[in-house]
Amino acid sequence: MNRIRNIRYVLVLFAILIAIGTLVTSNYLISDLEQEERNRMEVWAEAMRSLNMADENTDMNLVLKVINGNHTIPVVIVDKEGTALSARNVGMSFSADEDSLQYLSAVAKEFQASGRSIRIDLPQEFDPDGYITICYDESLMLKRLAIYPYIQLGVVVLFVLIAIFALFSAMRAEQNKVWVGLSKETAHQLGTPISSLIAWHEVLRDTYPDDTLLPEMEKDIKRLERIADRFSKIGSIPEPKPEDVLEVIERVVTYMRKRTSNKVTISTHFPDEPVIASLIASLFEWVVENLCKNAVDAMGGAGAIDIEVDEDEKRVYVDVKDTGKGIAKSNFNSVFKPGFTTKERGWGLGLSLAKRIVEEYHRGKIFVADSEIGMGTTFRIVLPKAPSEV
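Since the model is a prediction, treat every value here as computed from it, not as a measurement.

(A) Molecular detail of the overall build of the protein chain. Across its full length, the protein chain holds 8 helices and 11 strands. Buried residues in the protein chain amount to 33% of all 390 residues. For the protein chain, contacts bridging at least 24 residues in sequence account for 65% of all contacts bridging at least 6. In the form shown here, the protein chain has an accessible surface area of approximately 24,100 Å², with 56% of it arising from carbon and sulfur atoms.

(B) Structural view of helix α7 (residues 281-298). Its 18 residues give α7 an end-to-end C-alpha distance of 26 Å, which sits within 8% of 26 Å, the value for a rise of 1.5 Å per residue. Within α7, 14 of the 18 residues are buried, leaving the element largely enclosed by the surrounding structure. The positive-phi residue at the C-terminal boundary of α7 is Gly300, with phi of around 70 degrees.

(C) Seen up close, the confidence of the model for the protein chain. Considering every residue of the protein chain, the mean pLDDT works out to 80; 84% of them sit at 70 or more. Here helix α4 (residues 140-207) stands out as the element of the protein chain with the lowest mean pLDDT, 75, in contrast to strand β9 (residues 315-322), whose mean of 94 is the highest. Every residue in residues 93-97 scores below 50 in pLDDT, and together they form 3 contacts with partners more than four places removed in sequence or on other chains.

(D) Highlighting the pairing of strand β8 (residues 303-311). Pairing between strand β6 (residues 264-269) and β8: 6 bridges, direction parallel. Across the sheet, residue Ser267 finds its bridge partner in β8, namely Asp306. Alignment of β8 against β9, held across 7 bridges, turns out to be antiparallel. The residue bridging Ile307 from the neighbouring strand is Val320, located in β9.

(E) Seen up close, the pattern of salt bridges. A complete count under the given rule lists 15 salt bridges for this structure. Across the salt bridge formed by Arg259 and Asp220, the nearest N and O atoms sit 3.0 Å from each other. Of this pair, Arg259 sits in the loop between α6 (245-258) and β6 while Asp220 sits in helix α5 (residues 214-233); the two residues are 39 residues apart in sequence, bridging distant segments of the chain. Using a relative accessible area of 37% as the deciding quantity, one classes Asp220 as partly exposed. Here Glu285 makes a salt bridge to Arg251, at a shortest N to O gap of 2.8 Å. Here Arg251 lies in helix α6 and Glu285 lies in helix α7, a separation of 34 residues in the sequence. You can call Glu285 buried: its relative accessible area is 7%.

(F) Quick look at the sheet that holds strand β4 (residues 131-136). Overall, antiparallel pairing links the 4 strands, which are arranged β2-β1-β4-β3 in an open sheet. Two strands in the sheet have a free side with no partner beyond their single neighbour: β2 (84-88) and β3 (117-121). Each strand of the sheet is rotated relative to its neighbour by a mean of 20 degrees, with strand direction disregarded. Where strand β1 (residues 75-79) and β2 come together, 4 bridges link them in antiparallel fashion. Looking across to β2, one finds that Val76 is bridged to Ala87.

How each quantity is defined
- Residues numbered from 1 in each chain as written.
- Predicted model: local features only at pLDDT ≥ 70, side-chain atom pairs only at ≥ 80, totals over all residues.
- Heavy atoms only, no water.
- Helix = DSSP H or I, 4+ residues; strand = E, 2+ residues; numbered from the N terminus.
- Buried < 20%, exposed > 50% of the residue type's maximum accessible area, 1.4 Å probe, protein only.
- Contact = heavy atoms within 4.5 Å.
- Areas by Shrake-Rupley, 256 points an atom, 1.4 Å probe, with all protein chains shown as cover.
- Expected span 1.5 Å × (residues − 1).
- pLDDT = per-residue confidence, 0-100.
- Pairing = 2+ DSSP bridges.
- Salt bridge = Lys/Arg side-chain N within 4 Å of Asp/Glu carboxyl O.
- Axes fitted to C-alpha atoms, helices over the stretch in contact; angles between N-to-C directions.

Okay, here's the thing in structure tokens:
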């Protein structure tokens, strides 16, 4: 688990570094291009100043070449009153009944507000206090370059997310193969000694038919058969069948009562009518049994377990409450992870197995509904109800 977590952190860090590097590099590039366009507009403004102050010594060919050479930067020239005098490279996207000069004047104000304007004083002989202002905007290429880093960043993030998803899907598939293989092998290994026990039980029953221990031995053998059956069903995706949840839980409670201390009381609160849900009975028994065993461990062998069943139109709710030591809120999700355990002895697979059975085989949910340190814990199972027969 630590290796998987480290891989996740490395991938996320890699994505962050790419994002930061892309944005920083693009920011420098865009800043350089903005300054370049500013310099070009200053040259263009100087050409306009030369045009307004032209005399017989002015090279008009050069001036006009500079002015007409601007094909990318939008420009609006306004007088000192803010009225548009002329424009270049500005899309006239106004309606037919709208004054084009008013539209250009409004555009010029937007350019000035963004700090893109250059003032040109007029010759004294024309207007002692007169001037015009050249208002300009970023070129279309610069605007596209400003957006491009975010598009690139989105592509990188998408790529990293897909890579993470693929990595964890592959790891999960590998874990599932190991899990299923281990379960099948366990069922196979249990089959031989169980068959021998059945045979020896038959011999003992024929030899000592009145022995009072034989019924208990038979119960334990059937118990082993159910355990082997549970392991054999892992990975085979058996089809859930309509079952009475109350009967299934009652079988688990009967079994647990005989195999727990007298200091542990197990009580049930059931509806008066049967509660039908789509279940794989042997696997669901395993889930409830695991919850009860964990509750007994959490209570230190003394306390109370309360199992309550409720339903609505679409779902069945099973609450398993105990009076144990409780779970910290920070561990509500961690308790279902393989290897997580608070016991000195144990593999920490019980709740992980329960979650897999409920979610993958029953299309339900299992979670910590409530817990308080020193007071106890409530696990809730939510199952879909069996479809009603027409």
